[in-house]
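Now for the letters of each chain:
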Amino acid sequence: HSKVKYDSFRKSFYVEPAELADMTEAEVDELRLELDGIKIRGQDCPKPVQKWSQCGLPAQTLSVIRQLNYDKPTSIQAQAIPAIMSGRNVIGVAKTGSGKTIAFLLPMFRHIKDQRPLESQEGPISLIMTPTRELAVQIFKECKPFLKALNLRAVCAYGGSPIKDQIADLKRGAEIIVCTPGRMIDLLAANSGRVTNLKRVTYIVLDEADRMFDMGFEPQVMKIISNVRPDRQTVLFSATFPRNMEALARKVLQRPVEIVVGARSVVAPEVTQIVEVRADDAKFHRLLELLGELYDTDDDARTLIFVDRQESADSLLRDLMRRGYPCMSIHGGKDQIDRDSTISDFKNGVIPVLIATSVAARGLDVKQLKLVVNYDCPNHMEDYVHRVGRTGRAGNIGTAVTFITEEQDRYAVDIAKALRQSGQKVPEPVQKLVDGFNEKVKAGKEKASGSGFGGKGLEKLDQERDLAR
Ligand code: ADP
Ligand code: MG
């Protein structure tokens, strides 16, 4: 890059409107909470906007938004647009359907319009990468009404369709390319590099980054990005932000602002949560009952059983096998290849029952997963919500059964909280544990806020992540 002479360019266009400048920090916190619980990490993030008129967008863009009947920015848009318009590298995490596309498109148009027009032979200014053809087409379609109004051109490029059409499109010139990483690499190499190039790219979008990562596109993405000038603006959007994606994000985004919408999500209403107070020696019998009931009616169902430690996973595995349940286990003691093949057997239904520790089951997404059993009680709320959330995904229904022992009264506090927050009743025996624990705290026999308890779980995880950074 040091040998290439790049044009200078602008990425900061945002001026905070006066009505926002007057807001106090407390008011901003309140607003973020109202906007589906926006959470920020990273320094100097602008305040969220509430209206389109506060975004600093040109009149032509605003008029298209009006035609589309988009009344006001969605939560992710409200926070991501001012951040991107300020020139920041942004990681935006919000659930599917929350309007992430518009969040990166509108600032992108502003960014492109600020630059001198493309000359012949010049490649795109903006590069949008996405894992699948369907997503590329979807984003391309969302661009369309704006392209006309702003006099910009976009090309959609993905594998599985004739490359020569895409080459022809690119040769005519386009400020924007929406592509899958594999096809982008093919296009960059086509006709010994005369079809397109990355010299004018100053804005990169990685959309659905979690899926891109899951589908193994990281090497291609890295290869492309490393050929783009380092002072570019990069934004990454995703429905989830798994820990193993952070390394990639760190490599491609400098000093990012991380915006997470709905971070403190509660358990989905599709999950029926059952919490039972059980002594350790009564758990196994109850587990067999639960499995019996489930597999009597649904032999394609999958069950995920959580335990605390590696050794418990292995011993429960032996006991269940003896009872005729084909099962496997995943935990930190197994290598990644082993874990991957176990998860794939579980997904394919080769084994219906999987025993896991929390960490090993992060991000697990299996449609037929009907039953989660917390054989060992999770010790803080975030872990509970995460474990239980392995079922009831994408509109499917599921059940989560949690065993808690009399001695684990301190965990009951968080579990009761999770139940209440997701609108479910706290069963009486569990409430008794909570009350009992609170009595002990009052009497000075227990400390209320030991590490990881009393709703501190998420914050603790956040701290760990910040430290890892
Ligand atoms: P995501 O990428 O977060 O899954 P999309 O960007 O695909 O979500 O948006 C989902 C739908 O919401 C799209 O049909 C889009 O046109 C619409 N949409 C986006 N922003 C707004 C808005 N501010 N108001 C109303 N609808 C919107
Ligand atoms: Mg999307």
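Treat the numbers as computed from the prediction; the structure is a model and nothing was measured. Every chain begins its residue count from 1, and numbering advances along the sequence as written. Both sets of labels track the order of writing: A upward for chains, 1 upward for ligands. At least 70 in pLDDT is required for a residue's local features to be given in this predicted model, at least 80 for side-chain atom pairs to be given and counted, and no such filter applies to totals for whole chains, interfaces and linings, which use all residues. As a convention, hydrogens and water are excluded, and side-chain values are obtained from all of the structure's heavy atoms.

Undergrad: Would you explain the overall build of the protein chain in this entry?
TA: For the purposes of this entry, the term helix denotes a DSSP run of H or I that reaches at least four residues, the term strand denotes a run of E that reaches at least two, and both are numbered from the N terminus. Counting its secondary structure elements, the protein chain contains 18 helices and 14 strands. Scored against the burial criterion, the 469 residues of the protein chain give a buried share of 52%. Residue contacts follow a heavy-atom distance rule, with two residues in contact if any of their heavy atoms lie within 4.5 Å. Within the protein chain, residue pairs in contact and separated by at least 24 positions form 74% of the contacts whose partners lie at least 6 positions apart. Computed by Shrake-Rupley with a 1.4 Å probe, the accessible areas treat only the displayed protein chains as cover when residues are assessed. Working note: accessible area of the protein chain is about 22,400 Å², and carbon and sulfur atoms make up 49% of it. For each residue, the accessible area found with a 1.4 Å probe, counting protein chains only, is set against the maximum for its type, and the residue is called buried under 20%, exposed over 50%, and partly exposed in between.

Undergrad: Where do I start with the sheet that holds strand β10 (residues 302–306) in this structure?
TA: The six strands are arranged β9-β14-β13-β10-β12-β11 in an open sheet whose pairing can be described as parallel. The open sheet has two edge strands, β9 (271–277) and β11 (327–330), and neither has a second partner. Taken pair by pair, the neighbouring strands of this sheet meet at an average axis angle of 20°, ignoring direction. At least two bridges found by DSSP between two strands is the condition for calling them paired. Fitted lines through C-alpha atoms serve as axes, helices being fitted only where they are in contact, and the angles separating the N-to-C directions of these axes extend from 0 to 180 degrees.

Undergrad: Any chance you could explain the packing of aromatic side chains here in plain terms?
TA: Each aromatic ring pair is specified by the distance between its two centres and by the angle formed by the two planes. Only the six-membered ring of Trp is used, alongside the rings of Phe and Tyr, when aromatic pairs are assigned; centres must lie within 6.5 Å, and planes under 30 degrees apart are stacked while those over 60 apart are edge-to-face, with the rest tilted. Under the definition given, this model contains four aromatic pairs. An angle of 50° between the planes, with centres 6.3 Å apart, marks the rings of Y295 and Y325 as tilted. Of this pair, Y295 sits in helix α12 (residues 280–297) while Y325 sits in the loop between α13 (310–322) and β11, placing them 30 residues apart in sequence. Owing to a relative accessible area of 17%, Y295 belongs among the buried residues under this scheme. Overall, Y325 belongs to the buried group, its relative accessible area being 17%.

Undergrad: Please clarify how the environment of I274 should be interpreted in this entry.
TA: Tracing the chain through its elements places I274 in strand β9. Placed 125 residues apart in sequence, I274 and T399 show a C-alpha to C-alpha distance of 7.5 Å. Among all residues touching I274, those that are not within four sequence positions of it are T399, A400, V401 and T402.

Undergrad: Could you clarify how one ought to interpret unusual backbone geometry in this entry?
TA: Glycine aside, a negative phi is what most residues show, and trans is what most peptide bonds show. Phi at D44 takes a positive value of approximately 55°, unusual for a residue other than glycine. Looking at where D44 falls in the secondary structure, it is placed in the loop between β1 (39–41) and α3 (59–67). Despite not being glycine, N151 has its phi angle at roughly 60°, a positive value. Owing to a relative accessible area of 65%, N151 belongs among the exposed residues under this scheme.

Undergrad: I keep staring at the nonpolar core and nothing clicks. Help me out?
TA: Nonpolar side chains tend to gather and get buried jointly when the protein is soluble and globular. In plain words, nonpolar cores are sets of buried Ala, Val, Leu, Ile, Met, Phe, Trp, Tyr and Cys residues tied together by side-chain atoms within 4.5 Å. The biggest cluster of nonpolar side chains holds 56 residues, and the ones touching the most others in it are W52, F104, L106, F109, I128 and I176. Per element, the largest residue contribution to this core is eight residues, and it comes from helix α5 (residues 100–113). Ignoring sequence-local partners within four residues, the contact set of I176 consists of M108, F109, I112, P124, S126, I128, L147, R153, A154 and V155.

Undergrad: Mind showing me how you'd approach the pattern of salt bridges here?
TA: Two side chains with opposite charge may pair up if their charged atoms get near one another. Every case where a carboxyl oxygen of Asp or Glu lies within 4 Å of a side-chain nitrogen of Lys or Arg is listed as a salt bridge. Overall, the coordinates contain 29 salt bridges when judged by the stated rule. Linking E19 and K51 is a salt bridge whose minimum nitrogen-to-oxygen distance equals 3.3 Å. You can see E19 sitting in helix α1 (residues 18–21) and its partner K51 sitting in the loop between β1 and α3, a full 32 residues away along the chain. Using a relative accessible area of 45% as the deciding quantity, one classes E19 as partly exposed.

Undergrad: Sorry, what's going on with the site of ligand 1 here?
TA: Throughout, near means a residue has at least one heavy atom within 4 Å of the molecule or strand. Taken together, 14 residues sit near ligand 1, with Y70, Q77, G97, K100 and T101 positioned nearest. Q77 is positioned with one of its side-chain polar atoms (N or O) 2.8 Å from a nitrogen atom of ligand 1. In the environment of ligand 1, an oxygen atom lies 2.9 Å from a nitrogen or oxygen atom belonging to the side chain of K100. Considered on its own, ligand 1 offers 570 Å² of accessible surface; in the complex 73% of this is hidden by protein. In the analysis that follows, any N or O atom pair within 3.5 Å is treated as a polar contact, provided that within protein one partner can donate a hydrogen and the other can accept it, and provided that, for residues neighboring in sequence, both atoms belong to side chains.

Undergrad: Even after reading the chapter, I still don't get empty space enclosed by the protein, so can you show me in this structure?
TA: The gaps of empty space that remain are located by a probe, the size of a water molecule, rolled over the atoms. Grid points spaced at 1 Å over the protein atoms alone were grouped into cavities, where a 1.4 Å probe fits but cannot get out, and pockets, open sets with protein on both sides within 12 Å along at least five of seven lines, with lining residues defined by an atom within 4 Å of a point. Grid points are joined across faces, edges and corners, and a volume is the space filled by probe spheres set on the points. Inspection of every chain in the model, using the stated rule, returns one cavity of 30 Å³ or more. Its boundaries defined by the atoms lining it, the largest cavity holds a volume of some 50 Å³. For the largest cavity, the full set of lining residues is L206, A209, M212, F213, F217, E218, V221 and L248. Here the element with the most residues in the lining of the largest cavity is helix α9 (residues 209–214); it accounts for three residues.

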